[in-house]
Amino acid sequence: PAPTRVVRTAPPVPPAGRSGRTAHQFRKGGRGMHSEPVVLRKKFSWRNYPELEEYLISHRQEYLRHSALNYTAEQKHFNNRLTEGLLELAARLNYVFDESCFNFVAVRDRIRCYYKSYVQSSKKRGVVVGGFPKRARKEDGAGAVEGGV
């Protein structure tokens, strides 16, 4: 018999719209009963929470595709759904974001910084990845460059 191959698929990004979603800590009445919650503090590293980092990795290509769209409404909706999905996963795993440091927008910003760091470190290694386009650069009369990232 041929060996069985296990294929891991990315957890889906929650669909647009509010019906059928599970609760997370930043949704009104969403904090579940956590027996021993693990609190994610202000300077936490995604690397220390492998299930959450795996979620981000599994959605990286789609995030980078959306980020190349120069912040369209579609990208905004995707980013919000991505953040919702991560918060729901965190709640299922008893991870709680420190509410003195985080709200929904702060978590969404940390996700954006995670992907931005990935792009920057890839560039340092000489690997070109999509997303985060450079701003237009213009030369002044003396040949000096203004602008840039």
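Preceding block: the structure.
This section reports on the structure supplied with the text. (Residues numbered from 1 in each chain as written. Predicted model: local features only at pLDDT ≥ 70, side-chain atom pairs only at ≥ 80, totals over all residues. Heavy atoms only, no water.)

### What about unusual backbone geometry?
Phi at N94 takes a positive value of approximately 65°, unusual for a residue other than glycine. Along the chain, the position of N94 falls in the loop between α3 (73-92) and β2 (95-97). (Helix = DSSP H or I, 4+ residues; strand = E, 2+ residues; numbered from the N terminus.)

### A word on helix α1 (residues 50-58)
The complete set of buried residues in α1 reads L52, E53, Y55 and L56. Down the axis of α1, the smallest arc covering the buried residues is 155°, so these residues share one side. Summarising the contacts, the buried residues of α1 are in contact with β1 (38-40), α2 (60-67), α3, β2 and α4 (104-124). (Buried < 20%, exposed > 50% of the residue type's maximum accessible area, 1.4 Å probe, protein only. Arc of directions from axis to C-beta. Contact = heavy atoms within 4.5 Å.)

### Looking at α2
Helical periodicity: at 3.6 residues per turn, an α-helix aligns residues three or four positions apart in one direction. What α2 keeps buried is the set R60, Y63, L64, H66 and S67. Taken around the axis of α2, the buried residues stretch over an arc of 160°, which confines them to a single face. Of the surrounding elements, those touching the buried residues of α2 are α1, α3 and α4.

### Topic: the nonpolar core
Of all hydrophobic cores here, the largest spans 25 residues; its most connected members are W46, L52, L56, L86, F97 and I111. Elements with a minimum of two residues in this core: α1, α2, α3, β2 and α4. Apart from the residues lying within four places of it in its own chain, the contact partners of L86 are W46, L52, Y55, L56, F97, V107 and I111. (Core = buried A, V, L, I, M, F, W, Y, C linked by side-chain atoms within 4.5 Å.)

### Let's talk about the packing of α3 against α4
Running from N to C, α3 and α4 cross one another at 100°; their axes reach a closest spacing of 10 Å. One way to sum up the angle between α3 and α4 is to call them roughly perpendicular. Residues N79, N80, L82, T83, E84, L86 and L87 of α3 form the contact with α4, whose participating residues are F104, V107, R108, I111 and Y115. When its residues are assigned to classes, the contact of α3 with α4 shows seven nonpolar, three polar and two charged. (Axes fitted to C-alpha atoms, helices over the stretch in contact; angles between N-to-C directions. Parallel < 35°, antiparallel > 145°, perpendicular 65-115°, else oblique. Nonpolar A, V, L, I, M, F, W, Y, C, P; charged D, E, K, R; others polar.)

### Regarding the pattern of salt bridges
A complete count under the given rule lists two salt bridges for this structure. A salt bridge links R41 to D98; its shortest N-O distance comes to 3.3 Å. Of this pair, R41 sits in the loop between β1 and α1 while D98 is found in the loop between β2 and α4, placing the two residues 57 residues apart along the sequence. Note that R65 is salt-bridged to E62, the shortest N-O span being 4.0 Å. Of this pair, R65 and E62 are both found in helix α2, three residues apart, which corresponds to roughly one turn of the helix. (Salt bridge = Lys/Arg side-chain N within 4 Å of Asp/Glu carboxyl O.)

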